[in-house]
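Chain by chain, the residues run as shown.
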Amino acid sequence: QVQLVESGGGLVQPGGTLRHSCAASGFGGFAFSDYYMRWYRQAPGKERELVAVISTTGTSTTYAGSVKGRFTISRDNAENTVYLQMNSLKPDDTAVYYCYAQNTYSSAVYWGQGTQVTVSS
């Protein structure tokens, strides 16, 4: 069973930065590099939305329009970790952020526990 443990949330002022980390383990017969990784977020009263996607090798990334140019997703396959660097944060970025992994062979999906990010002065 894949486990995703997130860290890096917190309270930050508008214009500030935060870096999320998601450490993965428990791949069974697979490797971390066999998983597509994504970050989602869910604001109060809103549906969960996709924030960023990264390919298995890290060479391809995709972003939601609302974060493009401000957020960067990356991964370190040697460390089994995916990151979300968040710059120029806005109050609208306030949400619980979730790490997501999908096995490229079985399509099994796993979620992290979620971490709160609050952008407020």
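Everything discussed here concerns the structure shown above.
Going along each chain's sequence as written, the residues are numbered from 1 onward. Reporting of local features is limited, given that this is a predicted model, to residues whose pLDDT is at least 70; pairs of side-chain atoms are given and counted only at 80 or more, and all residues count toward the totals for whole chains, interfaces and linings. The side-chain values count all of the structure's non-hydrogen atoms but skip hydrogen atoms and water molecules.

Draft legend 1. Summary view of the pairing of strand S4 (residues 35–42). In this analysis, strands are considered paired if DSSP registers two or more bridges between them. Under the DSSP-based scheme used, a helix requires at least four consecutive residues in state H or I and a strand at least two consecutive residues in state E, with every element numbered from the N terminus. Sheet topology note: the S4/strand S9 (residues 95–103) ladder contains 8 bridges and is antiparallel. Opposite Tyr-36, over in S9, you have Gln-102 as the bridge partner. Note: S4 against strand S5 (residues 49–54), 5 bridges, orientation antiparallel. Considered in S5, the bridge of Arg-41 is made with Glu-49. Adjacent in sequence and paired antiparallel, S4 and S5 are bridged by 6 residues, among which Gly-45 carries a positive phi angle near 75 degrees.

Draft legend 2. Seen up close, the nonpolar core. Note on terminology: a nonpolar core comprises buried Ala, Val, Leu, Ile, Met, Phe, Trp, Tyr and Cys residues joined through side-chain atoms within 4.5 Å. Burial classification: accessible surface area is computed with a 1.4 Å probe over protein chains only, and a residue below 20% of its type maximum counts as buried, one above 50% as exposed, and the rest as partly exposed. Core analysis: the biggest nonpolar cluster contains 30 residues, and Leu-4, Met-37, Val-82 and Leu-84 have the highest contact counts within it. When residues of this core are traced back to their parent elements, those giving at least two are strand S3 (18–25), S4, S5, strand S7 (71–76), strand S8 (81–86), S9 and strand S11 (115–119). With 4 residues, the single largest contributor to this core is S9. Setting aside residues up to four positions removed in sequence, Leu-4 forms contacts with Cys-22, Ala-23, Ala-24, Met-37, Cys-99, Tyr-100, Ala-101, Tyr-110, Trp-111, Gly-112 and Gln-113. In this description, contact between two residues means that some pair of their heavy atoms is separated by no more than 4.5 Å.

Draft legend 3. Molecular detail of the environment of Ser-106. Following the sequence through the fold, Ser-106 ends up in the loop between S9 and strand S10 (109–111). Separated by 52 residues in the primary sequence, Ser-106 and Ile-54 have C-alpha atoms spaced 18 Å apart.

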